[in-house]
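The chain contents come next:
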Amino acid sequence: MKGESALQVAQVIVDVPTRQTNSPFSYSIPDHLADQIQPGMRVQVPFGHRKITGFIVGITDSSSFDGKLKPIADLIDLYPVINPELLDLAQWLADQTYSFKISCLQTMLPGGMRTKSKKKLIAKNQQICAKYPEIFHGEPEIEYDRQQFDNQTLAEILKLQKMGDIRVEYNLTNHARPIMLKAYSGNLDQQEIQAALKTVRKNAIGQIKLLKTLSQHPNDTLLLTKWESMGVTAGTLKTAEKKGWVSATLKRHVRNPFLREVAPTKPFELQPDQQKAVSSIEKAVSQKKDQVFLLEGVTGSGKTEVYLQSIAHALAMGRTALMLVPEITLTPQIVGRIRSRFGDQVAMLHSAMSSGERYDEWQRINQGKAKVVVGVRSAVFAPLTNIGLIIMDEEHDSSYKQADNPRYQTRDVAKWRAAYNHCPVVLGSATPSLESRARAMKGVYTLLSLPHRINQHALPHVSIIDMKTEMAKHHSALSTKLADAIQVRLDKHEQVILLLNRRGYSAFLMCRDCGYVPRCPNCDISLTMHKDTHTLNCHYCGHKEPVPTVCPKCHSKRIRFYGMGSQQLEEQVKNMFPTARVLRMDVDTTRKKGSHEAIIDKFGAHKADILLGTQMIAKGLDFPEVTLVGVLNADSALQFPDFRSSERTFELLTQVSGRSGRADKTGEVIIQTFNPDHYAIQLAKTQDYEKFYATEMRVRHDGKYPPYYYTVKLTGNSPSENQTASEMFGIMNFLKKNLSPNAIILGPTPKTITRINNHYYYQIIIKYRKEPHLKATLDDILVQSQKKQRQGLQIAIDNEPLDFM
DNA sequence: AGCACGCCGACT
DNA sequence: GTCGGCGTGCTC
């Protein structure tokens with residue numbers, strides 16, 4: 001105790017995601033930690049009977065808690081991992097997304113830093129250990145995992161623990177660790193080296209080599225691998241260490257996630273439109289204005305150069321920059337361009353990196369060594385300070401919205417950080433989201449546009465094939481026109497991209513005689529065919545079963561698969577064009593780290609003629625040899641009961657059309673569809689965003705959809721359909737009572753896929769323009785549902801969902 | 001989350 | 001009468 005000096009109390013958010021533990025708990029700070037502890041550090045604290053992780057969110061003089069405070073058990077971090085800005089942001093995010101504060105704090109850290117708590121059971125002595133082989137299997141201590149014991153053994157363990165025969169130990173481990181490499185540095189000056197050289201025997205080759213190397217690198221700490229590459233073995237170094245010639249240290253190895261080296265580049269000369277955009281952005285950076293720009297520009301209009309020069313300006317002002325991109329692996333070119341301009345100041349964060357690489361990059365940012373961060377969604381929480389500019393490329397992309405808790409929209413977080421740091425945000429897109437474009441029209445955002453393609457490349461010729469008439473003729477996935485066009489390219493040694501719009505489109509099994517389709521026993525969907533493992537899989541719960549050879553219902557042998565997955569398409573294309581080299585890119589072929597880039601490189605080097613795959617090939621790829629893009633099923637997204645399906649279809653088609661015809665050769669795009677007259681498809685053909693915007697806004701207005709209305713989606717699920725339905729009706733009534741009559745409450749309705757893993761899902765959609773009580777009402781619902789959770793009911797709230805499905 | 005406390009049924 | 005089922009509440 002420090003006598004009269006104010007008693008310091010740490011406010012800790014504990015790692016227990018429940019409503020009751022969603023505000024800070026007070027802990028006393030032990031003397032030996034008093035001068036180290038800071039807000040934003042993680043600690044271990046006693047909580048009830050166990051020890052858990054928590055985040056220090058504040059240090060105060062007193063506590064409102066009347067009981068006796070427990071002391072903090074230990075520090076996990078030596079420096080704050082959440083800076084003051086992010087601490088504030090976490091609170092806002094929790095409110096905004098109706099999630100627990102601990103979940104928000106946790107998502108701000110790179111995955112590998114999340115602590116895992118492990119429980120160990122330790123027998124008091126040998127007798128206990130020997131007496132309960134069903135628990136200990138002869139070992140003095142075991143790792144405890146609830147699932148491994150049945151209820152009876154569990155009760156026994158509990159009893160033994162009470163009697164003190166078994167001790168429980170809690171261990172918290174950090175997943176990602178820095179890689180430490182052994183290194184040696186010399187202790188001798190040149191004279192001592194010469195002296196030592198005289199004392200060693202003539203045939204001590206290793207020692208002589210070592211001393212000579214030492215004299216060439218007098219002050220360096222060289223890694224063991226470096227020594228070895230110079231012919232000095234680990235053994236020799238050990239001996240030298242004993243003699244005091246060298247000392248061993250551990251050197252932190254920073255993993256380098258950049259697969260290839262890039263040559264530095266200079267800024268390009270800007271076109272007038274680009275110059276205008278850069279000037280406006282620079283002005284906002286200089287004036288520290290948290291202005292939001294919408295940079296609208298077709299593919300090839302030079303958006304990236306605008307980003308780069310604006311970032312350069314922010315750096316020149318002594319500030320940092322954050323650039324967000326959708327799934328970064330899809331745009332290695334962009335990363336390459338940024339690195340070539342800003343070199344080692346760039347840190348990169350994305351999901352295809354190993355957790356160790358992400359950890360190292362994150363550390364570089366947190367230590368202020370990286371000034372520019374390029375990354376996907378979660379990089380919006382990068383621990384940069386003094387941000388001067390935030391860029392969000394392809395701002396309409398759906399990967400910017402997180403699908404599970406906290407369900408945040410990256411754009412909103414970016415705007416929050418911009419306001420905090422007094423810096424502008426640039427939202428870039430060829431096909432802005434209607435929300436953003438509508439705000440630009442209202443003057444909330446500043447619209448900057450780049451209407452011209454650099455180099456004046458002609459737009460590709462786009463044609464639309466009506467698959468209804470095509471299917472009447474034959475049953476191939478490729479229309480005659482597309483097949484002919486492919487053959488022409490193959491003859492001319494040009495490349496082709498075939499895009500399969502995969503959503504909800506995969507191979508399933510069906511009996512030709514009775515129409516039987518195998519379905520998942522746990523979920524309400526049909527099983528999909530996986531040819532590689534030769535199983536029927538459920539995409540929702542992971543259920544697998546062997547492929548039947550006879551129909552289980554009518555015993556017919558004519559049970560075949562239908563539909564088209566990318567595997568089937570690959571086979572069909574190979575059959576039609578036996579000499580063509582075909583590459584497939586989808587979730588299956590890109591699972592392995594680096595395989596994504598490998599495929600892109602291979603195709604880019606023209607080692608294949610046809611690249612076929614799902615959405616992932618639609619974005620950001622630039623292959624000059626590609627002169628034909630075929631979209632096999634343009635409208636599979638249109639069939640979803642979702643108000644954004646037109647927008648998605650238009651985006652996708654516009655994007656792939658930009659993929660073709662960028663080089664000297666004019667490109668061609670062939671779109672196959674069952675809805676050739678749909679406006680999304682017709683307007684994509686002419687790349688007419690303006691008309692699409694106007695048409696779609698009308699639809700949204702009439703249907704009372706965003707951006708005219710705000711939306712919230714409430715989903716409930718439980719093992720009992722009756723319970724789910726009745727609880728959701730209760731919630732609907734509660735909403736009706738508490739919201740104004742202007743609010744539109746839809747549902748509850750069963751979700752499109754009602755049953756997943758034997759849980760029944762119902763949802764309610766709320767559409768509104770102004771509801772001051774909405775937040776409080778929804779918070780109330782969450783508090784009340786906490787009690788029902790024990791009966792298996794789970795309620796999820798998605799603020800501004802991307803879909804209504 | 002994970003456990004203790006506490007109130008009801010089927011048993012030594 | 002007790003043992004143990006799991007519904008409820010608490011953890012600084």
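Each value, and the rule that gives it
Residues numbered from 1 in each chain as written. Chains lettered and ligands numbered in written order. Predicted model: local features only at pLDDT ≥ 70, side-chain atom pairs only at ≥ 80, totals over all residues. Heavy atoms only, no water. UniProt positions renumbered as here; feature names shortened; annotations may be inferred. Helix = DSSP H or I, 4+ residues; strand = E, 2+ residues; numbered from the N terminus. Buried < 20%, exposed > 50% of the residue type's maximum accessible area, 1.4 Å probe, protein only. Contact = heavy atoms within 4.5 Å. pLDDT = per-residue confidence, 0-100. Lys, Arg positive; Asp, Glu negative; His and termini not counted. Salt bridge = Lys/Arg side-chain N within 4 Å of Asp/Glu carboxyl O. Polar contact = N/O pair within 3.5 Å; in protein donor to acceptor, adjacent residues only side chain to side chain. Core = buried A, V, L, I, M, F, W, Y, C linked by side-chain atoms within 4.5 Å. Domains from an automatic or database assignment. Pairing = 2+ DSSP bridges. Axes fitted to C-alpha atoms, helices over the stretch in contact; angles between N-to-C directions. Phe/Tyr/Trp six-rings, centres within 6.5 Å; stacked < 30°, edge-to-face > 60°. Lys NZ or Arg CZ within 6 Å of the ring centre and 35° of its normal. Near = heavy atom within 4 Å. Parallel < 35°, antiparallel > 145°, perpendicular 65-115°, else oblique. Left-handed = near helix turned anticlockwise from the far one by under 90°. Nonpolar A, V, L, I, M, F, W, Y, C, P; charged D, E, K, R; others polar. Expected span 1.5 Å × (residues − 1).

### Looking at the UniProt feature "binding site: Zn(2+) 1" (unreviewed entry) in chain A
What UniProt calls "binding site: Zn(2+) 1" (unreviewed entry) maps, in this numbering, to Cys511, Cys514, Cys551 and Cys554. These annotated residues cover 44 residues of sequence, and their C-alpha atoms lie no more than 8.6 Å from one another, placing them together at a single site. With respect to the helices and strands, the residue cysteine 514 is situated in the loop between strand S21 (508–511) and strand S22 (528–530). Classification of cysteine 514 as partly exposed rests on a relative accessible area of 30%. Beyond its immediate stretch of four places on either side in the chain, cysteine 514 contacts Cys551, Lys553 and Cys554. Position of cysteine 551 among the secondary structure elements: in the loop between strand S24 (544–546) and strand S25 (559–562).

### Some thoughts on the confidence of the model for chain A
In the predicted model, chain A carries a mean pLDDT of 86, and the fraction of residues at 70 or more is 91%. Low pLDDT, under 50, characterises residues 1–5; the stretch is placed with four contacts to residues that sit more than four places away or in other chains.

### A look at the side chain of lysine 767
Note on placement: lysine 767 falls in strand S32 (residues 759–768). Buried charge lysine 767 goes without a salt bridge, the closest partner of opposite sign being aspartate 642 at 11 Å. There is a polar contact of 2.9 Å between the side chain of lysine 767 and the backbone oxygen of glycine 703. At 3.2 Å, the side chain of lysine 767 and the backbone oxygen of lysine 704 are in polar contact. Filtering out sequence-adjacent residues up to four positions away, lysine 767 remains in contact with Gly703, Lys704, Tyr705, Tyr709, Tyr710, Thr711, Ala743, Ile744 and Leu746.

### Description of unusual backbone geometry
Cis geometry is adopted by the peptide bond preceding proline 406, which originates at asparagine 405 and carries an omega value of -10°. Within the secondary structure, proline 406 is located in the loop between strand S16 (387–393) and helix H14 (410–421). With an omega of 5°, the peptide bond running from proline 706 to proline 707 counts as cis. Along the chain, proline 707 falls in the loop between helix H22 (689–702) and strand S30 (710–718). One non-glycine residue, histidine 555, lies in the positive phi region at around 65°. Examined against the element boundaries, histidine 555 turns out to sit in the loop between S24 and S25. Backbone geometry at lysine 704 places phi at a positive 55°, although glycine is not the residue there.

### Quick word on the nonpolar core
Core analysis: the biggest nonpolar cluster contains 48 residues, and Ile82, Leu105, Leu324, Ile365, Val373, Phe381 and Ile390 have the highest contact counts within it. Residue contributions to this core peak at six residues, all from helix H1 (residues 84–97). When residues of this core are assigned to domains, at least three map to each of domain 1 (9–113) and domain 3 (272–450). Residues within four places of valine 373 in sequence aside, it is in contact with Ala321, Leu322, Met323, Ala347, Leu349, Ile365, Ala379, Ala382 and Leu384. Phe603, Leu611, Met616 and Val669 belong to the second largest nonpolar core, which has 35 residues in total.

### Describing the sheet that holds strand S27 (residues 610–613)
If you trace the six strands from one edge of the open sheet to the other, you get S19-S29-S28-S20-S27-S26, paired in parallel fashion. In this open sheet, the two edge strands, each paired with only one partner strand, are strand S19 (461–466) and strand S26 (582–585). Taken pair by pair, the neighbouring strands of this sheet meet at an average axis angle of 15°, ignoring direction. As defined by bridge partners, strand S20 (residues 495–499) adjoins strand S28 (residues 626–631) across five bridges and the pair is classed as parallel. By the bridge assignment for S28, glutamine 495 is matched with valine 626.

### Digging into the sheet that holds strand S5 (residues 74–75)
Spatial strand order, S2-S1-S4-S3-S5: five strands in an open sheet with antiparallel pairing. A strand with exactly one partner marks an edge of an open sheet, and here the two such strands are strand S2 (25–28) and S5. As defined by bridge partners, strand S1 (residues 9–14) adjoins strand S4 (residues 50–60) across six bridges and the pair is classed as antiparallel. Residue pairing across strands places isoleucine 13 opposite phenylalanine 55, the latter belonging to S4. Across the sheet, helix H2 (residues 101–108) is in contact with S1 and S4; its angle to S4 comes to roughly 90°.

### Comments concerning the packing of aromatic side chains
Under the defined criterion, the tally for this structure stands at 12 aromatic pairs. Ring plane angle 20° and centroid distance 5.5 Å describe the contact between tryptophan 416 and tyrosine 420, whose orientation is recorded as stacked. Here the residue tryptophan 416 and the residue tyrosine 420 both occupy positions in helix H14, the gap between them amounting to four residues, near one helical turn. Residue class for tyrosine 420 comes out partly exposed when judged on its relative accessible area of 36%. These aromatic residues form a ring-pair network of at least three members: Phe650, Tyr679, Tyr689, Phe692 and Tyr693. Here the guanidinium or amino end of lysine 767 rests over the ring plane of tyrosine 705, the centre of that ring lying 4.4 Å away. Note that arginine 769 overlies the ring of tyrosine 709, its terminal NZ or CZ placed 5.2 Å from the centroid.

### Quick look at the protein's contact with DNA strand C
Taken together, 13 residues lie around DNA strand C, and Ser26, Gly48, Phe65, Lys70 and Arg790 are the ones closest in. Restricting the count to atoms of DNA strand C within 4 Å of the protein gives a sugar and phosphate share of 32%. At 3.0 Å from a sugar or linking oxygen of DNA strand C is found a main-chain nitrogen or oxygen belonging to glycine 48.

### What to know about the packing of helix H23 (residues 721–738) against helix H24 (residues 774–788)
At a minimum axis distance of 11 Å, the contact between H23 and H24 shows a crossing angle of 155°. For the element pair H23 / H24, the angle class is roughly antiparallel. Handedness of the H23/H24 crossing: right-handed. Mapping the contact onto sequence places Glu727, Ile731, Phe734, Leu735 and Asn738 in H23 and Thr777, Leu778, Asp780, Ile781, Gln784 and Lys788 in H24. Looking at side-chain class alone, the contact of H23 with H24 contains five nonpolar, three polar and three charged residues.

### Overview of helix H13 (residues 355–366)
Residues that lie three or four places apart on an α-helix share one face, since the helix turns once every 3.6 residues. Between its first and last C-alpha atoms H13 spans 16 Å; for 12 residues at 1.5 Å apiece the expected length is 16 Å, and the two agree. Burial within H13 is extensive, with nine of its 12 residues counted as buried. Inspection of H13 places Gly356, Glu357, Tyr359, Asp360, Glu361, Trp362, Gln363, Arg364 and Ile365 among the buried residues, and these make up the whole buried set. Looking at the buried side of H13, the elements it contacts are H2, strand S11 (246–253), strand S14 (346–349) and strand S15 (372–375).

### As for the packing of helix H15 (residues 434–442) against H22
Where H15 meets H22, the closest approach of the two axes is 11 Å, and the angle between their N-to-C directions is 100°. On the basis of their axis angle, the class for H15 and H22 is roughly perpendicular. For the pair formed by H15 and H22, the contact residues are Leu434, Arg437, Ala438 and Met441 on the first element and Tyr689, Glu690, Phe692, Tyr693, Glu696, Met697 and Arg700 on the second. In terms of residue class, the contact of H15 with H22 is built from seven nonpolar, no polar and four charged.

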